[in-house]
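Topology and contacts: notes
Here is what each chain is made of, one letter per residue.
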Amino acid sequence: MSFFSRFFFFLKDQNLPTLAELLQARGIPTEMPGLNDDFLRDFSLLKAKERESTADAIAALFRQGLPLPLPWREAQYELFPQIVPTWQGEREPYYYRPCFDNLCKRILSAGKPVPQEWFAIWDIPEDDVMDLAMDHLEEVTKDKPFVRLPSGIYRSDFGDGLDASRILLPNYWNQLFPGQNTFVAIPKPDTLLVSPQVLLPKLADAIGAAIKNTDTNILVVTMYQWVDSKLMPASLQDPHPMIQPQREFRQLDTMAAYNAQVAELEKMQIGVPCPLGIIKTQQGRTLTMATWIEGKPALVPDSDLIGFISSAGRPLGLYWRQTLPRLQRLKGTIVEIWGARRLRFEEFPSLDELEQLECLAHADVHAQIVNPQTAQQSRPAPNKLQSQQSHAASATASSNSPVPAHLRGLSLGVQSDDD
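My aim in this report is to walk through the structure given alongside it, one point at a time. Keep in mind it's a predicted model, so treat the numbers as computed, not measured.

About the criteria used
- Residues numbered from 1 in each chain as written.
- Predicted model: local features only at pLDDT ≥ 70, side-chain atom pairs only at ≥ 80, totals over all residues.
- Heavy atoms only, no water.
- Helix = DSSP H or I, 4+ residues; strand = E, 2+ residues; numbered from the N terminus.
- Buried < 20%, exposed > 50% of the residue type's maximum accessible area, 1.4 Å probe, protein only.
- Contact = heavy atoms within 4.5 Å.
- Areas by Shrake-Rupley, 256 points an atom, 1.4 Å probe, with all protein chains shown as cover.
- Arc of directions from axis to C-beta.
- Core = buried A, V, L, I, M, F, W, Y, C linked by side-chain atoms within 4.5 Å.
- Pairing = 2+ DSSP bridges.
- Axes fitted to C-alpha atoms, helices over the stretch in contact; angles between N-to-C directions.
- Disulfide = S-S within 2.5 Å.
- Phe/Tyr/Trp six-rings, centres within 6.5 Å; stacked < 30°, edge-to-face > 60°.
- Lys NZ or Arg CZ within 6 Å of the ring centre and 35° of its normal.
- Salt bridge = Lys/Arg side-chain N within 4 Å of Asp/Glu carboxyl O.

Now for the overall build of the protein chain. Within the protein chain, the regular secondary structure consists of 13 helices and 20 strands. Of all 419 residues assigned to the protein chain, the portion counted as buried reaches 47%. Put simply, of all contacts in the protein chain between residues at least 6 apart along the chain, 62% involve residues at least 24 apart. Summed over its atoms, the accessible surface of the protein chain is roughly 21700 Å², and 50% of this surface lies on carbon and sulfur atoms.

Have a look at this one:
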């Protein structure tokens, strides 16, 4: 409820409903934590319409198992913005707004994400709350320099766990390398890395070091670029040597989004989520590959490739997913879930239908990827295999390391004629 409401005196109306009456009408107990004397006193200052909206918000919080907020007079001093992947914002029951590609911003109140319903209880517009949160972040950021690492890139070192959120304050980092293209990364909530283009390999190394030996508390590993006062995923052109590392970073973020869906999809019992992995072609290019096993409805992600496996466990080959619409008999339906898109297919393609798709690697090569040891024991004659590999651009299993070995020793040269 608005702090400012206490400055206004409303004539008492004996017909105004009490909070207990409103909650009872909504089937909500009045013993909720936080419904104390202070809350009731503030509630008594509200008009009828405000009481209804407050009761609706309380009921929504109760049904989601979420707590009531601190009173606005206390909460307003503990507000900060938070950056999370967009799929996480869509999944969790908190207020969020998209801000950059694959990223969204939320609001923390006393360290806890703010649900949409808290704005109604505070009677404060969400934009005003976000503005205040940004003001607080800027207050604890100014006059504190970034740390220059031995590699030449910069890292935030504020010690408050809000470093990634400072990607929302470009005026504090976009001039660390005057006259050069600026790139940033936020692999963890407490890490913001800034680099010029000539040091992108060092930035990739720092991202890998930040998330080494952990699969928790990872934010995003994609590298972002500051272009024309906008932040977007780094878009590099051939023959730039960092194209492939950036591709892998983005693929890892995509996999994280799809992997987060699995537990909920299993509860929905509408089909089998196709596992998603990364493979590497002989040319060094990495591709995402979904594995679709015959037998049950499949929930297929938007991958580069699909590896089809028969109900008997026999690999049938790797095919480009984009050519799947050629099979008119198979009608995929969109799965209603947060995050990255999946299509549900009830039927498995026949062998004749697979021949209509564009093939990257035939069954023999697919078998090597699925079971390298077995394939090694029964691999065909060298000349036959080499012919097949050259025709199908044979793929091999790729490590999930965010810092590929082929980054070492690369030189980017100069960025411009002035360098």
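To continue, consider helix α11 (residues 363-370). Buried within α11 we find V365, H366, Q368 and I369. Along the axis of α11, the buried positions cluster into a sector of 155°, meaning they face one direction only.

Right, let's get into the nonpolar core. Counting residues in hydrophobic clusters, the biggest one holds 55 residues, and the most contacted among them are I58, I107, W122, I167 and I186. I153, A210, M223 and L324 belong to the second-largest nonpolar core, a separate cluster that totals 41 residues.

The element strand β8 (residues 191-196) is largely enclosed, with a buried count of 6 among its 6 residues. Judged by which residues are buried, β8 turns out to be covered on both faces: T191, L193 and S195 on one side and L192, V194 and P196 on the other are all buried. Taking the residues that link successive antiparallel strands as the turn, the strand β7 (residues 182-188)-β8 hairpin has 2 residues.

Right, let's talk about the sheet that holds β7 for a bit. Taken in spatial order, the 6 strands line up as β5-β6-β8-β7-β9-β10 in an open sheet, and their pairing is antiparallel. The open sheet has two free edges, formed respectively by β5 (147-148) and β10 (230-233), since each of these has just one partner strand. Note: β7 against strand β9 (residues 224-227), 3 bridges, orientation antiparallel. Each bridged residue has a counterpart across the sheet, and for T182 the counterpart in β9 is W226. Where helix α8 (residues 200-210) meets the sheet, its contacts fall on β7 and β8, and the angle it forms with β7 comes to roughly 10°.

One covalent bond between the sulfur atoms of two cysteine residues makes up a disulfide. Using the criterion set out here, one finds 0 disulfides in the structure. Considering cysteine sulfurs only, C99 is the nearest to C104, which forms no disulfide, with 6.5 Å between them. Assessed through its relative accessible area of 0%, C104 is described here as buried.

Glycine aside, the phi torsion of most residues is negative, and most peptide linkages are trans. Of note in the backbone geometry, A110 takes a positive phi value of approximately 55° without being a glycine. Along the polypeptide, A110 turns up in the loop between β3 (103-109) and β4 (112-113). A110 sits in the partly exposed class, given a relative accessible area of 42%. Its identity is not glycine, yet S229 carries a phi of approximately 65°, on the positive side. Take S229: it is sitting in the loop between β9 and β10.

For the rest of this paragraph, the subject is the packing of aromatic side chains. For the structure on display, the rule yields 13 aromatic pairs. Ring plane angle 90° and centroid distance 5.7 Å describe the contact between F146 and F158, whose orientation is recorded as edge-to-face. Within this pair, whereas F146 is found in the loop between α7 (126-139) and β5, its partner F158 is found in the loop between β6 (154-155) and β7, the two being separated by 12 residues in sequence. F146 sits in the buried class, given a relative accessible area of 10%. Taking 5.4 Å as the distance between ring centres and 70° as the angle between the ring planes, the aromatic pair formed by Y154 and F177 counts as edge-to-face. Of this pair, Y154 sits in strand β6 while F177 sits in the loop between β6 and β7, and the two are 23 residues apart along the sequence. Residues Y154 and F177 agree in their burial class; the two are buried. A connected cluster of aromatic rings, assembled from ring pairs, spans W72, Y95, W118, F119 and W122. Here R91 stacks its cationic end above the ring of W338, 5.6 Å away from the centre of that ring. Its end group placed over the ring of F158, R166 keeps NZ or CZ at 3.8 Å from the ring centre.

So, about the pattern of salt bridges. This structure, assessed with the given rule, holds 15 salt bridges. The closest approach of N and O atoms between R329 and E347, which form a salt bridge, is 2.5 Å. Of this pair, R329 sits in the loop between β16 (315-320) and β17 (333-334) while E347 sits in the loop between β18 (342-345) and α10 (351-354), and the two are 18 residues apart along the sequence. Among the residues examined, E347 registers a relative accessible area of 44% and is labelled partly exposed.

Turning our attention to the sheet that holds β18. Ordered in space as β11-β14-β18-β17, the 4 strands form an open sheet in which the pairing is mixed. Lying at the two open borders of the sheet, with one neighbouring strand each, are β11 (272-273) and β17. Relative to β18, strand β14 (residues 298-301) runs antiparallel, the two sharing 4 bridges. Within β18, the position partnered with L299 by the bridge is R344. Along the sheet, helix α9 (residues 243-268) makes contact with β11, β14 and β18, crossing β18 at roughly 45°.

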